[in-house]
Each structure stands twice: as C-alpha cells, then as structure tokens.
Amino acid sequence: MSISNNIIEVKNLTKKYKKSDKVAVNNISFSVKVGEFFALLGPNGAGKTTTISILTTTLSKTSGTIKIAGFDSEVESGKVRQNIGVIFQNPSLDLNLTAEENIRFHAILYGLYSFAPSYSLMPVEYKEKIIKLATILEIEKDIFKPVKSFSGGMKRKLEIIRSLMHDPKILFLDEPTSGLDPLSRKNLWKYLEKVRKENKTTIFLTTHYLEEAEQADNVVVVSSGRIIATGSPKKIKDDLIQEYLLVKTNQKNKLETELKNLSLTYETGDYFKIDVEGKNVHKIIKNINTPLTEIKVHIPTLEDAYLEILNRQTQEK
Amino acid sequence: MRNLNAILTIALRDYLKFLRDRGRIIATFIFPLMFIGILGSSLQGSFAADAGYNFLGFVFTGVLGQTLFQSTASGIISLIQDRTSDFSQELFVSPVSRFAIIFGKIFGETLVAMSQGVGVILFAFLIRVPLELSQLLSLVPAFFVSCLLGGAFGLLILANLDSERGANQIFPFVIFPQFFLSGIFAPIKNLPPILDFVSHLAPMRYAVDLVRGLYYQGTPEYAKIVLLPVWQNLLIIGCMFLIMFTVGSALFVRNEKNR
C-alpha cells in the first residue's frame, strides 16, 4: 500500500462514453481513507455509476489516474479486483442457481477453495461457513433453493454476504437500497453497520437516499459529472444552511422589540424565524419573556443541504 | 491453478443451467430424430445406390459433427444473456483472467453440446447406423474438439454484438451455409472451384471431416469420403481455434469495458 493512508485515490478522472458527445465524468479528484464510510451523492445521470464502474475496473476511463488499495486500476486491475467487493446497482445473482451455489461460485472464483462439483464435496470449513451465513440471513431453510424465490431485500443481503466472502478491503455499494421497501432498507443498513464495525471495511456508497449518507465520514456531491461539494455531512450542512428557531406568539410587537434588544437576526411572518448561528438555543429561549405558543428548532438535514446545493447550481446556469 | 478452478466452476454453472431446463433437454432428443430419422432414411433411399456406401453412416457422422459444432457456437450466446441478466458483472469484476472466464464459458457449452450429442447417438443406434461401441469411444476426443472449435467460432461472431436478438438473427446466416459447405448431407469432394474455396474457409468442414476420418478409419469407404488425414484436420482446427479464441475474447472484453 502507498505511504499515505488513502485507500482510494482518484486524480483528474474523466470519462466520455463512445456514443456520447457529453462528458459523463469531468475531471474529478477525491480520496478515501482506510476504514472510512464515504458517500458519493448526486442526482440521476450525475456520473455516480460511471465513477463506481471505473473504480471497480469494469469500465475503462478516458483519462486520469486511480489507485485502489495502492494498486493502479488499469495496470494492476487483477490486484484491485482481489481487494474489492462490489454490490452493483442491478442485482448480479444467477437466479437459476441456489443461494449456496451463488456463494460457492464466488468463493471458487476468488480462489478461496478448489473446484468441487457439488456442495457435499466441499470442505467442512466451507460448509460450516455456509450454515453460519444462512443463519445470519435467516434462510436456513432456503439456502439450497433457487434465488428466484427470494425477496428483493433477501437478494441484496445475499449479494452483500457473497461480496464479503473474500474479505475485501473496500466494499463498493451502488445504490444498494433502490427498489427496496422501507423496512428492508432499514434491515439492510442495520446489517451493513454491523459489517462495518466487525470487519472495519472501507465503504464506498452511492445513493440518492440522503438520510443513508448522514452517517458517512465524508461526502462528495457530483452533478453533471463535476464535484460541486465535498466534506463531512456536518461541514456541508454548516457551509450551506443555517440552523434556525421558529417561534409563534400572539404578542408580535412585544416579541419584536425583545428580539431587537437581544440583537438577534430574525425574519417576521407567521412564525418568527430566528437565526441561531452557533448560539445556544436554550439561552435564546430563556431570554425571551414574551409568551410563546409554539417553538420549533430547525436542524438542517443533509438532504436540505443537498437540495440547496443543486438548487444554487441550476440558478448559476 | 486459480484459473483452472475458475474455468471449471464457470463451466459447471452453464451445465447446471442446461440440466435444469426441461425444454432444452427435450429439444436435445427431437432435433436429431428429425435429422437422422427423416432426412437420413429418405436420402438413403434415393442416393445409396449411386454413392456406393452406407449413406446412413455418412449422414450420421455429419449430423453429429454439425450438432456439436452448432450447439456450442449458439450456446455461447449465453455470454450475452449473462450481460442482460447482469450476471456478467459478477464474472468480470472477479480477479480471474478474462481468457479463463471466456474459456470457461466455451467449456461449459461444450459439456452441454456433448450431452446433446448423446441424443444423436441414441437415435443412431435405434435406426441401426453401423456403429460399434469401441468405435464410438474413439470418436469422443473428436467430439470434444468439434465443440471447442464451434465455441470459438460462436465467440468470434458475437464478440461485436450487444443483443441476444441480434445474435439469434445472425447465427442462422453463418451456420446454415456451413451445412452444405461442410458436406453434412452430400459429399463435397467435387465442388465447383468457387464453392470449393468457400468450403475451405468453413470451420465446420474440418470438425465434420475429423469425425468422419476417425469413423471410417480402416474401411474401404475412407478414400471416397474423408478429405484430410486426422492430423491435418487437428492442425487446422488448432490454428483456427487459437485465432478465433484470442481475437474473439479480445474483442468481447474490449466491448465489455470500452463503452
């Protein structure tokens, strides 16, 4: 591995598809540290899947350099492949094979075991692992059934288990929860968090469910192939959106005088919108003597910030 | 070693798919029945006297070589099917040589085609094609070689195609002419010069001739029917395989990655 503790290093990456005159990814650079939870965000068509495909060596780039786990993605693609696990946007399971066969196929492809034509001929160690995995997935009964009969959430979980078989250093997840119902999404994330804690795997996620990226260490927002914001979710939110307090009262004039005396910035309306700007919310409220009928603290979510960034971008254009 | 394991496991997957598909298994036994049972016996009636040899044996060896070649060639369409079903992502993101992946696919379709060949052979026994068991066993390596050649041929044809539909439309065009150019139903010893030239370019010709070379070995008909000695056929098939396999794989992988 390289001297820096970056497990992913992308420099000036550009991709132009053959049949397109637009650039899908336009000169982007970023890096991801070992063990980080990294999220690549952006609207549909922003270049997220293109970027993840290039990083996982399944798509060629037009220019730029990429290092994954210290290996060049083009020259040492074999070594890159050995070090990564990938969950593609569209499930890549063979539906005609059983869950166990799908996992066995993967395990042999990654050199974990020698070829054996049936489950019964596989080593004991493998069988124990399978039983353990089936228990985690709660599919003990169905592990020898074709994947066809599995639900969407189940298939996703099976894919994640499969991609972790060879202990990858980085797990790439391309919109892993798209098409799943809220409960399946929640379960999947619970499982992924467990995986992260136990294996200390670096996670590279693309998603457009913003709340999924809220826990990320670092976020890069792309739009039309360019990076438009980068940093921790907190930093992105702080840079863009202010925290504010909404209060309602029946004695508007009294409150206004009071706010002026306290030298607070505010906007009037149905609600009084008071800027918090790093001040203590509790203190502000304690200083107000006017009776208030309603109090709301607005803490921006990453989604607010994201929408704001995209909004500004379209206005600039 | 890693690549060998990968080839075997990729091949097993395609073979399991065949075993689990009832429709394909039934088709395996219906096509040979049509070819040998109907065509063979009617040809026997009209040509046997002129040809001066058992026509049933001639057609049987032709159909066998052709079936194996063609089944593997069209079986390779599964490479495109994998792409459609997104399974190719799992294949191509794995740390296995691209050549091993594609050879695994050809090997898998070879196993499928060999199983389909069993259908042809069963009917051959039923309609009393002159065939000894020991003779049959000596043909097995030739069957295997025919399949590999067909697989490489199929790969080269579809390397630049991106839809299954496109492949299904093109395959008859490149396979059917070879039925006649390779002399499956009628001898090609005396073809007009142009056809003779084209016939020499048809890979299936060498696969069929290889099977016949072994089948007729040591019989009086050998000189009348067989075109090239076994070793020459093997040499030509070997070269053709290497060229079609490397060029086909390189093109396929390039199209997979350089989009």
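Residues numbered from 1 in each chain as written. Chains lettered and ligands numbered in written order. Predicted model: local features only at pLDDT ≥ 70, side-chain atom pairs only at ≥ 80, totals over all residues. Heavy atoms only, no water.

As a further point, take the interface of chain A and chain B. Each side of the interface is counted separately: chain A has 40 residues, and chain B has 28 residues. Put simply, chain A and chain B have 4 salt bridges between them. A salt bridge links Glu101(A) to Arg20(B), with the shortest nitrogen-to-oxygen separation between them at 2.7 Å. The interface formed by chain A and chain B includes 12 residue pairs in polar contact (both at pLDDT 80 or more). Secondary-structure elements contributing two or more residues to the side of chain A that touches chain B are β1 (6-16), α2 (77-83), β6 (84-87) and α3 (99-109) of chain A. (Contact = heavy atoms within 4.5 Å. Salt bridge = Lys/Arg side-chain N within 4 Å of Asp/Glu carboxyl O. Polar contact = N/O pair within 3.5 Å; in protein donor to acceptor, adjacent residues only side chain to side chain. Helix = DSSP H or I, 4+ residues; strand = E, 2+ residues; numbered from the N terminus.)

A few words on the packing of helix α10 (residues 203-215) of chain B against helix α12 (residues 230-257) of chain B. Residue and element names in this part refer to chain B. At a closest axis distance of 9 Å, the pairing of α10 and α12 adopts a crossing angle of 150°. Crossing angle aside, the handedness with which α10 passes α12 is left-handed. Between α10 and α12, the residues in contact are Pro-203, Tyr-206, Ala-207, Asp-209, Leu-210, Gly-213 and Leu-214 and Val-230, Asn-233, Leu-234, Ile-236, Ile-237, Met-240 and Met-244, respectively. A class-by-class count of the residues in the contact of α10 with α12 yields 11 nonpolar, 2 polar and 1 charged. (Axes fitted to C-alpha atoms, helices over the stretch in contact; angles between N-to-C directions. Left-handed = near helix turned anticlockwise from the far one by under 90°. Nonpolar A, V, L, I, M, F, W, Y, C, P; charged D, E, K, R; others polar.)

Residues and elements named next belong to chain A. Buried residues dominate strand β9 (residues 218-223), accounting for 5 of its 6 residues. Here strand β3 (residues 37-41) runs beside β9; their pairing, made up of 4 bridges, is parallel. Residue pairing across strands places Ala-39 opposite Val-219, the latter belonging to β9. Where β9 lies against strand β10 (residues 226-231), 5 bridges are found, and the strand directions are antiparallel. Residue pairing in the sheet places Val-220 in a bridge with Thr-230 of β10. Connecting β9 to the next strand, β10, in antiparallel fashion are 2 residues, including Ser-224 with a positive phi near 45°. (Buried < 20%, exposed > 50% of the residue type's maximum accessible area, 1.4 Å probe, protein only. Pairing = 2+ DSSP bridges.)

Take the pairing of strand β8 (residues 202-207) of chain A next. Residue and element names in this part refer to chain A. Among the 6 residues of β8, 6 are classified as buried, and the element is accordingly described as predominantly covered. Judged by which residues are buried, β8 turns out to be covered on both faces: Thr-202, Phe-204 and Thr-206 on one side and Ile-203, Leu-205 and Thr-207 on the other are all buried. By the bridge criterion, 5 bridges tie strand β7 (residues 170-174) to β8 in an arrangement that is parallel. Its bridge partner lying in β8, Leu-171 is registered against Ile-203. Between the parallel elements β7 and β8, the chain passes through helix α6 (residues 182-199) in a crossover that is right-handed. (Right-handed = clockwise from strand over helix to strand, strands pointing away.)

All names here are of chain A. Taken in spatial order, the 6 strands of this open sheet run β6-β7-β8-β3-β9-β10, and their pairing is mixed. Every interior strand has two partners, whereas the edge strands, β6 and β10, have only one. For this sheet, the mean inter-axis angle between neighbouring strands, taken without regard to orientation, is 15°. Taken together, the 4 bridges between β6 and β7 define a ladder with parallel strand orientation. Paired with Ile-84 across the two strands is Ile-170, which belongs to β7. Along the sheet, helix α5 (residues 152-164) contacts β6 and β7; its crossing angle with β6, the most-contacted strand, is approximately 170°. Across the sheet, helix α11 (residues 302-316) is in contact with β3, β9 and β10; its angle to β9 comes to roughly 30°.

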